[in-house]
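If you want the building blocks of each chain, they are given just below.
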Amino acid sequence: MLAYCTALNLPEGHLIYAKGNAPHVAHCVRHARITIHQHALDLDQPPAGLLTEVKALARRLVTVMPV
């Protein structure tokens with residue numbers, strides 16, 4: 001993600017992992033002025049629950065990211 005952000009001159013990037021209920025974490029990369037956000041989706045749930053979680057993450061990214 002750091003390479004993508006650097007190449008595209010982006011201040012932030014988002015990684016989405018298949019994992020349990022880990023909270024959102026943001027990592028600020030020293031000397032790069034880039035923040036990498038880490039999100040986790042709980043894949044051990046029924047499809048409807050996963051879809052709800054994906055929609056919530058998408059809403060969060062749309063409201064956080066500038067247009």
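Here, the structure is the one placed above.
Bear in mind the structure is a predicted one, so any value in this text is a computation, not a measurement.

Undergrad: So what exactly am I meant to see when it comes to the sheet that holds strand 3 (residues 34–41) here?
TA: Across a sheet, paired strands are connected by hydrogen bonds in the backbone, their directions being either parallel or antiparallel. Taken in spatial order, the three strands of this open sheet run 1-3-2, and their pairing is mixed. For this open sheet the edge positions go to strand 1 (12–18) and strand 2 (25–29), each flanked by a neighbour on one side alone. Ignoring strand direction, the axes of neighbouring strands in this sheet form an average angle of 25°. Both strand 1 and strand 3 contribute to a ladder of seven bridges, which runs parallel. Bridge pairing in strand 3 places Tyr17 opposite Ala40.

What counts, and at which threshold
- Residues numbered from 1 in each chain as written.
- Predicted model: local features only at pLDDT ≥ 70, side-chain atom pairs only at ≥ 80, totals over all residues.
- Heavy atoms only, no water.
- Pairing = 2+ DSSP bridges.
- Helix = DSSP H or I, 4+ residues; strand = E, 2+ residues; numbered from the N terminus.
- Axes fitted to C-alpha atoms, helices over the stretch in contact; angles between N-to-C directions.

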